[in-house]
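Examination of the molecular architecture
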Amino acid sequence: MWMSSRAGAVPGSVFALMDAAKGRARARGLPIIDLSIGSSDQSPPETVLEALREATRDPLTYRYPLFSDTAPLREAAATYLLRRFGIKVDPETEVLPLIGAQEGLAHLLLAVTDPGDTLLLPDPGYPPYLGAAAVAGLKTVPLPLLPERGFLPDLETLPEDLRPRALLLNYPNNPTSAVASVAFFEEAAAWCRRRGTLLIHDHPYAELTFGDYRAPSALEAGLNGVVELHSLSKTHHMGGFRVGFAAGDAGALAALARVKGAVDFHAYLGIQRAATLALSLPDAVGRAGTAVFQARRDALVPALRELGWEVQWPQASMYAWARVPGLTDSVAYAVHAAEECGVVVSPGRAFGERGEGFVRFALVQPPEVLLEAAKRLAGVEIGAAVFRGG
Ligand SMILES: Cc1ncc(COP(=O)(O)O)c(C=O)c1O
């Protein structure tokens, strides 16, 4: 009765289904290995935690934070963008703190689009993108990310008359773990500028990169018509803190600030202080957790390839995206695997039609547990599962 058409249009999540399967496996006494959720199991740097503890003892942090109170975080974000990517932004007009990239995207879509506008978005892609688009009343056009193109979209083959209001990209990518070059972002930004489209780049994995690989920023293609969403959730293991920032086109950020002004009062000042410190840390400290995820990748990917599964070697992100030969119903398979052997993975279909045939592993357990998961999955028949619903 009280469900708006906007709320009703938000797609349901397959993760509830997986949760139920997990419950059934647990009831059977199976020890669960849950690799379905991409939430870092590492701790933020100790100095960052200390900054937050300290802030809670400062009564000045107890009041509502105003825009002017966000200046230190905006300045730290601007300094980070300059240090890390060589991008110059004005902290007054070209940076805006967020309560996480997810909050930022949902409100950015409300701020820069009108109901009925078109959003071009990756398929497969992070599932909440569709929910955010539904809340904003947008028409979505899926942009296929195919393994043969390294999971990068082919914008040039899109119809000439397609003029989306916004194009949403995300590299390093969830779920595929693919990465993109500066040249790719330059082409995407040029394509967007030709078509009057805002380029939105969701960049929560900016620092979760392995070895010598460093992810570029879409803002390297210029700030005009580009907004990038940064997050401390993955890069500094601060998912529960709910903090990030948007940077880029001043007009789009002014619109976002208006919407946010009606919705929130910025993050708690203590969280802002912690995030300000996190962004100011030297790279070696800020990237401390990445070696952990790299070691997990090094363990899991060869083990999956041993099973005959096709996995591109992730250079970044916290996922392995595996194409499973013979798999035609990834949801049924994931439910069946959870119930049969207690290993919980995300079915590729949960990320879009182009995700069918794949499963996603979140690298959120130690290497030996990941190897155990691969061993258990080896005993689960592909295609034996028939999804019975529920
Ligand atoms: C692609 C992508 N965007 C956004 C988020 C959420 O980021 P935040 O915690 O900053 O809201 C995630 C989390 O998994 C993600 O994978």
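So, here's what we can say about the structure. None of these values were measured; they are calculated from a predicted model.

About the cut-offs
Once a new chain begins, its residue numbering starts again from 1 and follows that chain's sequence as written. The predicted nature of this model means local features are confined to residues of pLDDT at least 70 and side-chain atom pairs, given and counted, to a pLDDT of 80 or more, with totals for whole chains, interfaces and linings taken over all residues. In computing side-chain properties, one takes all heavy atoms of the structure into account and sets aside hydrogens as well as water. A pairing counts as a salt bridge when a side-chain nitrogen of Lys or Arg comes within 4 Å of a carboxyl oxygen of Asp or Glu. Whether a residue is buried, partly exposed or exposed follows from its accessible area with a 1.4 Å probe, protein chains only, as a fraction of its type maximum: under 20%, in between, or over 50%, in that order. To qualify as a helix, a DSSP run of H or I must reach at least 4 residues; to qualify as a strand, a run of E must reach at least 2; elements of each kind are numbered from the N terminus. Here is the rule: rings of Phe, Tyr and Trp (six-membered ring for Trp) pair when centre to centre is within 6.5 Å. Planes less than 30 degrees apart are stacked, more than 60 are edge-to-face, and the remainder are tilted. Definition used: whenever NZ (Lys) or CZ (Arg) falls within 6 Å of the ring centre and also within 35 degrees of the ring normal, the charge is taken to sit over that ring. We call a residue near a given molecule or strand whenever any one of its heavy atoms falls within 4 Å of it. Whenever a nitrogen or oxygen atom comes within 3.5 Å of another N or O atom, the pair is scored as a polar contact, on the condition that within protein one atom can donate a hydrogen and the other can accept it, and that pairs from neighbouring residues in sequence are kept only if both atoms are in side chains. Here the Shrake-Rupley method, with its probe set to 1.4 Å, supplies the accessible areas, and only the displayed protein chains count as covering residues. By the convention adopted, Pro, Cys, Tyr, Trp, Phe, Met, Ile, Leu, Val and Ala count as nonpolar, Lys, Arg, Asp and Glu as charged, and the other residues, Gly among them, as polar. Only heavy atoms enter the contact rule, under which two residues are in contact if any of them lie within 4.5 Å. Here, a strand pair is defined by DSSP locating no fewer than two bridges between the strands. Handedness rule for crossovers: strands pointing away from the viewer, path from the first strand over the helix to the second running clockwise, crossover right-handed. Lines fitted to the C-alpha atoms define the axes, with helices restricted to the stretch that makes contact. Angles between their N-to-C directions range from 0 to 180 degrees. What sets the label is the angle itself: under 35 degrees gives roughly parallel, over 145 gives roughly antiparallel, 65 to 115 gives roughly perpendicular, and the rest give oblique. Helix crossings get a hand from a simple test, with the near helix turned counterclockwise from the far one by less than a right angle marking a left-handed crossing and a clockwise turn marking a right-handed one. Nonpolar cores are built from buried Ala, Val, Leu, Ile, Met, Phe, Trp, Tyr and Cys residues. Side-chain atoms within 4.5 Å join them into one set.

Here we look at the pattern of salt bridges
Side-chain pairing between opposite charges can occur once the charged atoms of the two side chains come close. Across all of its chains, the model carries 22 salt bridges by this definition. Put simply, Asp69 and Arg63 hold a salt bridge, and the shortest N to O gap is 3.0 Å. Note on Arg63: relative accessible area 43%, which makes it partly exposed. A salt bridge links Glu310 to Arg323, with the shortest nitrogen-to-oxygen separation between them at 3.2 Å. In this pair, Glu310 sits in strand S9 (residues 310-311) while Arg323 sits in strand S10 (residues 319-323), placing the two residues 13 residues apart along the sequence.

Things to note about the packing of aromatic side chains
Taken as a whole, this structure holds 13 aromatic pairs when the rule is applied. Judged by centre distance (5.6 Å) and plane angle (80°), the ring pair of Tyr126 and Tyr129 falls under edge-to-face. On the accessibility criterion, Tyr126 (29% relative accessible area) is partly exposed. Taking relative accessible area as the criterion, Tyr129 reaches 3% and is therefore assigned buried. Measuring from centroid to centroid gives 5.8 Å for Trp321 and Phe351, while their planes differ by 90°, and the two rings are edge-to-face. On the criterion of sequence distance, the pair formed by Trp321 in strand S10 and Phe351 in the loop between strand S12 (346-347) and strand S13 (358-362) is long-range, its members being 30 residues apart. As far as the burial class goes, Trp321 and Phe351 line up, both buried. Site record: aromatic cluster; members linked through ring pairs are Phe15, Phe151, Trp321, Phe351 and Phe358. Across the ring face of Phe293, the terminal group of Arg296 is positioned such that the distance to the ring centre comes to 5.1 Å.

Describing the site of the ligand
Within the structure, the ligand sits among 15 residues, and Ala101, Asp202, Tyr205, Ser231 and Ser233 are positioned closest to it. Gln102 is positioned with one of its backbone polar atoms (N or O) 2.9 Å from an oxygen atom of the ligand. Between the ligand and Arg242, the relevant distance is 2.7 Å, taken from an oxygen atom to a side-chain nitrogen or oxygen of the residue. Considering the ligand on its own, with 400 Å² of exposed area, one finds that the protein chains cover 93% of that surface. A breakdown of the residues in the shell around the ligand according to their chemical character gives six nonpolar, six polar and three charged.

Focus on the side chain of Arg376
Among the structural elements, Arg376 can be located in helix H13 (residues 367-378). A distance of 2.7 Å separates a polar atom in the side chain of Arg376 from the backbone oxygen of Cys341. Setting aside residues up to four positions removed in sequence, Arg376 forms contacts with Pro31, Ile33, Cys341, Gly342 and Val343.

Considering the pairing of strand S5 (residues 166-169)
Residues of S5 alternate between two faces, with Ala166 and Leu168 on one and Leu167 and Leu169 on the opposite face, all of them buried. Bridge analysis of strand S3 (residues 118-123) against S5 gives two bridges, and the strand direction is parallel. Among the inter-strand pairings, Leu119 is bridged to a residue of S5, identified as Ala166. Sheet analysis places S5 next to strand S6 (residues 198-202), joined by four bridges and oriented parallel. Opposite Leu168, over in S6, you have Ile200 as the bridge partner. Assessed by its sense of winding, the connection that carries the chain from S5 through helix H7 (residues 182-195) to S6 is right-handed.

Examining the sheet that holds S10
Spatially, S9-S10-S13-S12 is the arrangement adopted by the four strands of the open sheet, whose pairing is antiparallel. Both edges of this open sheet fall to S9 and S12, since each of them pairs with a single strand only. Relative to S10, S9 is paired through two bridges, and the arrangement is antiparallel. Directly across from Val311, in S10, lies its bridge partner Ala322.

Quick notes on the packing of helix H11 (residues 290-306) against H13
In the contact formed by H11 and H13, the axes pass within 9 Å of each other and the chain directions differ by 15°. In terms of axis orientation, H11 runs roughly parallel to H13. Two packed elements cross with a definite hand, and for H11 against H13 that hand is right-handed. Facing H11, whose interface residues are Ala295, Arg296, Ala299, Leu300, Ala303 and Leu304, H13 presents Pro367, Leu370, Leu371 and Ala374. Residues that form the contact of H11 with H13 fall into these classes: nine nonpolar, no polar and one charged.

Some thoughts on the nonpolar core
Counting 53 residues, the largest nonpolar core has Leu81, Leu167, Leu169, Tyr171, Leu199, Phe245 and Leu279 as its most contacted members. Only helix H3 (46-56), helix H4 (71-85), S5, H7, strand S8 (244-248) and helix H9 (269-280) provide two or more residues apiece to this core. Looking at which element gives the most residues to this core, the answer is H4, with seven residues.

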